[in-house]
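Survey of secondary and tertiary structure
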Amino acid sequence: MSSQTRNRTQVKVASDKSGNPLPKVYVKVYARMKDGQVQFYKDGYTDLRGRFDYTSLNTNELEGVERFSILIMSEDAGAVVREAAPPKM
């Protein structure tokens, strides 16, 4: 399983073997806030294109994020952890 961040707010998950997108892959996101606290931020599953938007929420919490930690878990392809900076506002 490979992953990359796209458009500064999406992670794209694809098969290492075929390069095809992996839908229904679980993604769990934690955020290290500017005050040093680490907190759960968001979770969900990749869409049919193998993508998950890890930053969008209906709150203004993004303003306080210093760094994201993104856990990507697939039953068939394993798991990987990635880090990402928040998008520039």
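Scroll up to find the structure this text is about.
Overview of the packing of aromatic side chains
- Enumeration over the complete set of coordinates arrives at 4 aromatic pairs.
- Ring geometry for Tyr30 versus Phe40: centroids 6.0 Å apart, planes at 80°, classification edge-to-face. With Tyr30 in strand S3 (residues 26-33) and Phe40 in strand S4 (residues 38-45), this pair connects stretches of sequence that are 10 residues apart.
- The class of Tyr30 is partly exposed, set by a relative accessible area of 34%.
- An angle of 75° between the planes, with centres 5.0 Å apart, marks the rings of Tyr41 and Phe68 as edge-to-face. Taken as a pair, Tyr41 in strand S4 and Phe68 in strand S6 (residues 65-74) lie far apart in primary sequence, 27 residues in all.

With respect to the sheet that holds S6
- Spatially, 4 strands are ordered S4-S3-S6-S7 in an open sheet, and the strand pairing comes out antiparallel. Bordering the open sheet on either side are S4 and strand S7 (78-84), each of which pairs with just one other strand. The average undirected angle you get between the axes of adjacent strands in this sheet is 20°.
- For S3 and S4, the ladder comprises 7 bridges, and the chain directions are antiparallel.

Cut-off values and rules
- Residues numbered from 1 in each chain as written.
- Predicted model: local features only at pLDDT ≥ 70, side-chain atom pairs only at ≥ 80, totals over all residues.
- Heavy atoms only, no water.
- Phe/Tyr/Trp six-rings, centres within 6.5 Å; stacked < 30°, edge-to-face > 60°.
- Helix = DSSP H or I, 4+ residues; strand = E, 2+ residues; numbered from the N terminus.
- Buried < 20%, exposed > 50% of the residue type's maximum accessible area, 1.4 Å probe, protein only.
- Pairing = 2+ DSSP bridges.
- Axes fitted to C-alpha atoms, helices over the stretch in contact; angles between N-to-C directions.

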